[in-house]
Amino acid sequence: MSKQYKSVIRTFFSDYLSWLLIVSVLFVISLVATIAFGNANGFIWIIPVLFLVIYCFSLPLLILYCKAKKDIKNRNIEQITIKFFKIEQDDTFRFKNRVGAAVGKRKYRIIDENGNYYLLSTANEKDMFFMFHFNPSFSIEIEFLKTSRLVLHMKIIDETQKDKKVRAKKYNTASDFRKIFNHYL
């Protein structure tokens, strides 16, 4: 497997890994405290049980990670070119703080003209992609994992030189797209 694939997978799941580490440490601390003070109160066992419930909230990410690992192991990689697509934020795999604001890297879905989706994330927490117009002036060639739908690599096929009407537009979504998702290119 290419080093680039490993880095893209690591980037997509880094928030999940950090969250799992924090929850695991807190779970171990609460379990040790429960065993140490177990005869003080019968309801103290509810704390480790609540941590197990918290683990269950991350089950969709664990399933996606297992699918991605299986796809890579089986070399279940496909490549397509998408001409018409839209990008939307994907809150399915995002973590939220207690106020409800999303934290960590932003996750996005590229949705093609057939309704198929492909998952990708920004390289860091500060990047945000909101300047995207439907029916872009460029196409993208995507290399992705078939089962998990995770994007591994992208190539922008700029078609602005071919169409004079597109050149007259004031915006260039290809450069905005390139800035945010440069770790896939």
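Our structure is the block above this text.
Basis of the calculations
Residues numbered from 1 in each chain as written. Predicted model: local features only at pLDDT ≥ 70, side-chain atom pairs only at ≥ 80, totals over all residues. Heavy atoms only, no water. Pairing = 2+ DSSP bridges. Helix = DSSP H or I, 4+ residues; strand = E, 2+ residues; numbered from the N terminus. Axes fitted to C-alpha atoms, helices over the stretch in contact; angles between N-to-C directions. Contact = heavy atoms within 4.5 Å.

Strand order in the open sheet made by the three strands is 2-5-6, with antiparallel pairing throughout. With one partner strand each, in any of the chains shown, strand 2 (85-89) and strand 6 (117-121) form the two edges of the open sheet. Within this sheet the neighbouring strands show an average axis-to-axis angle of 25°, counted without direction. In this structure, strand 5 (residues 107-112) lies alongside strand 6, joined through five bridges in antiparallel fashion. Residue pairing across strands places Ile 111 opposite Tyr 117, the latter belonging to strand 6.

Another aspect to go through is the sheet that holds strand 1 (residues 77-82). Strand order in the open sheet formed by three strands is 1-7-8, and the pairing between neighbours is antiparallel. Where the open sheet ends on each side, the last strands, each with one partner, are strand 1 and strand 8 (151-158). On average, each strand axis in the sheet is tilted by 15° relative to the strand beside it, whichever way the strands run. Here seven bridges tie strand 7 (residues 138-145) to strand 8, and the two strands are oriented antiparallel to one another. Counterpart to Glu 141 in the pairing with strand 8 is Lys 155. Running at roughly 105° to strand 8, helix 1 (residues 3-36) makes contact with strand 1, strand 7 and strand 8 of the sheet.

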